[in-house]
Amino acid sequence: MSLKGWLGRKRALAMMGKRTSTRSIQPISEKLQDNIDMVQSTFTLTPDLVIRTFESTFVEGRAALVYLSGLVDKNSINNNLLRPLLNPSEGGSTSILDLLSVGSVSTYVDFPSVEKEILLGSSVLFIEGRREAIVVETHGWPQRAVEDPQLEASLKGSHQGFVETGIQNIALIRRYIPNRELKIKELTLGERGSGKISIMFMQDLVSQDVLRELEGRINMLTVDAILNTGELEELIEDDPFSPFPQFLTTERPDTAASHLLQGRVIVVVDRSPIVLVGPATFASFFQNVDDYSTRWPVATFIRLLRFTAFLVATFLPALYIALVSFNYEVIPLDLILSVGESRERVPFPPILEAMLMELTLEMLREAGVRLPAPIGQTVGIVGGIVIGQAVVQAGVVSNIMVIVVAFTAIASFIIPNYDMASALRLLRFGMMGLAAMFGIVGIIIGLMALIGHLISLESLGVPYGSPFAPARYADWKDFFVRVPLWNMKDRPVSARARQNKRQGDNRLKGDDK
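Residues numbered from 1 in each chain as written. Predicted model: local features only at pLDDT ≥ 70, side-chain atom pairs only at ≥ 80, totals over all residues. Heavy atoms only, no water.

Strand pairing in a sheet relies on backbone hydrogen bonds, with the paired strands running either antiparallel or parallel. Taking strand neighbours across the sheet as the criterion, the five strands line up as 6-7-9-10-8 in an open arrangement whose pairing is antiparallel. Among the strands making up the open sheet, the edge pair consists of strand 6 (182-189) and strand 8 (248-250). Strand-to-strand, the axes of this sheet are offset by a mean angle of 25°, without reference to chain direction. Two strands pair when backbone bridges link them, and strand 7 (residues 195-202) and strand 9 (residues 265-269) are joined in this way by four bridges, in the antiparallel orientation. Paired with Ile-199 across the two strands is Val-267, which belongs to strand 9. Set on the sheet, helix 9 (residues 229-236) makes contact with strand 6, strand 7, strand 8, strand 9 and strand 10 (275-278); between it and strand 10 the angle comes to about 30°. (Pairing = 2+ DSSP bridges. Helix = DSSP H or I, 4+ residues; strand = E, 2+ residues; numbered from the N terminus. Axes fitted to C-alpha atoms, helices over the stretch in contact; angles between N-to-C directions. Contact = heavy atoms within 4.5 Å.)

The structure is reproduced here in structure tokens:
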């Protein structure tokens, strides 16, 4: 950059700062027309801005009501704001703040605060002769109804899922925990599109270290806007280079309430139907709310099935490549003859064959997700049956490889958490590469590296590998197995709750049976 350009940029920044500084101290004028002119100059090219002037005997002069038409509830404005002002005799109040029958009314004396409230959906009332603006909460933006969660289907649990409005999501959680110890810390984040971030926790349970760490990380952020929960998660997680998610995400209020009662912290992001749960451990991604509404032997079997699916989804294609390419001596003779016969017409090495099928599967998966539901199902059927059979008949891949890929796909679908299942998709390709280079030795090296990485990870300062490493034997009751609920008397150690006792001795004995 030239010296002239640098000086010009410095001058522009100085002028911008001066404008910002001047604007930041712009007070509300006692002249109504000055305030209206200020609003119009601030919100240029804003056709949804409404400025409605009127006269009322109650305010002894003219007044102006300002709001953005798409963000407010017009019925609330007409019934609770304009009607009492135009017919003050109906209310019989002596103060204008008492006259307005809406939830929240506040006053501001500077324009930046007023501008922010208008953009958030509030209505602002300017009155002739007053150096303050009355801000009335009249939020009424478009929103959808509470529906069944899309990513976390439940057989016996609740069918309510979070929506895009933070206040509603908090209310959904409060319905499960109507307790005064449920506290909320509200933060505002975003320079251009400020949004509310609500940190929810149980005051008497949560670890203050965990809460302080999470709040500090969010407060340090400087961003234009947080548009969804995934952005916030990536900005505040411990290790951004790890493929593993370090926060649980859920769209179920009952799951969020369950974690709160264990002593964890919930982060509700306004405008997002997903909430964050922390601290998280590797084992917590294999748990589901249905585990606690079915009988414990069944829940244990399903949970063991998920861990088995994790191993299959990560290592099965790599094991196929290693056995066919390097370590075929460990395959029984009859089976290796069958494999050799199947691969007789295939011109590619096993690694290329596996990569081709796995990438085809990933493309089919993405196509099925992005397309509308009826077309997505058709793509899945065409890809899974027609293309699979065609490539075998054409001699591009062996039928054994198709079986391996099919098992791998089914296993990855069993993982209950989408973020963890996505991480396994990446790990699978790495393991396939190691198997192609070093055979079973490469898989063992990859497994050791994977375990080392999981042990080294942390989530809000809590070991990610807990309760396996470091060993927390008390938490093993809800790790690989799920013991009966009456035997789970303590909260998980990994949640670092201040009160470990969760319940009393609820098992019926003797004559109580």
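As a further point, take the sheet that holds strand 4 (residues 123-127). Taken in spatial order, the five strands make up an open sheet running 1-2-4-5-3, and their pairing is antiparallel. Each edge of the open sheet carries a strand with a single partner, namely strand 1 (49-56) and strand 3 (105-108). For this sheet, the mean inter-axis angle between neighbouring strands, taken without regard to orientation, is 25°. In this structure, strand 4 lies alongside strand 5 (residues 133-136), joined through four bridges in antiparallel fashion. The partner of Ser-123 across the bridge, within strand 5, is Val-136. Running at roughly 140° to strand 4, helix 6 (residues 111-119) makes contact with strand 2 (61-68), strand 3, strand 4 and strand 5 of the sheet.

UniProt marks residues 304-326, 396-415 and 427-455 with the feature "transmembrane region" (unreviewed entry), using the numbering shown here. The distance from the first to the last C-alpha atom of residues 396-415 is 30 Å, and the span holds 80% helix and 0% strand. (UniProt positions renumbered as here; feature names shortened; annotations may be inferred.)

To continue, consider a negative patch on the surface. A cluster of like negative charges, contributed by Glu-30, Asp-34, Asp-37 and Glu-128, occupies part of the molecular surface. By the secondary structure assignment, Asp-37 is in helix 2 (residues 32-42). (Patch = residues over 30% accessible without salt bridge, like charges linked within 9 Å, V, L, I, M, F, W, Y side chains within 5 Å. Areas by Shrake-Rupley, 256 points an atom, 1.4 Å probe, with all protein chains shown as cover. Salt bridge = Lys/Arg side-chain N within 4 Å of Asp/Glu carboxyl O. Lys, Arg positive; Asp, Glu negative; His and termini not counted. Charge placed at Lys NZ, Arg CZ, Asp CG, Glu CD.)

In this chain, Gly-278 is followed by Pro-279 through a cis amide linkage whose omega measures -5°. The topology assignment puts Pro-279 in the loop between strand 10 and helix 11 (296-325). Geometrically, the link from Ser-466 to Pro-467 is a cis peptide bond, its omega value of 10° lying close to zero. Within the secondary structure, Pro-467 is located in the segment after strand 12 (462-463).

Right, let's talk about a nonpolar patch on the surface for a bit. Taken together, the side chains of Val-298, Phe-301, Ile-302, Leu-305, Ile-410 and Ile-414 present a nonpolar region at the surface, about 510 Å² in accessible area. When contributions to the nonpolar patch are tallied by element, the ones reaching two or more residues are helix 11 and helix 15 (399-414). Per-element tally for the nonpolar patch: the top contributor is helix 11, with four residues.

One pass over the structure, following the stated rule, counts 14 aromatic pairs. Pairing Phe-244 with Phe-282 gives two aromatic rings, centres 6.2 Å apart and planes at 85°, and the pair type is edge-to-face. Taken together, the positions of Phe-244 in the loop between helix 9 and strand 8 and Phe-282 in the loop between strand 10 and helix 11 put the pair 38 residues apart, joining distant regions of the chain. Like Phe-244, the residue Phe-282 is buried in the burial classification. Ring pairing ties together the aromatic residues Phe-244, Phe-282, Phe-285, Phe-286, Phe-307, Phe-310, Tyr-464, Tyr-473, Trp-476, Phe-479 and Phe-480, which thus form one cluster. (Phe/Tyr/Trp six-rings, centres within 6.5 Å; stacked < 30°, edge-to-face > 60°. Buried < 20%, exposed > 50% of the residue type's maximum accessible area, 1.4 Å probe, protein only.)

Turning our eyes to something else, we now look at the side chain of Thr-165. Positionally, Thr-165 belongs in the loop between strand 5 and helix 7 (166-176). With sequence-adjacent residues up to four places away left out, Thr-165 is seen in contact with Trp-141, Gln-143 and Asp-270.

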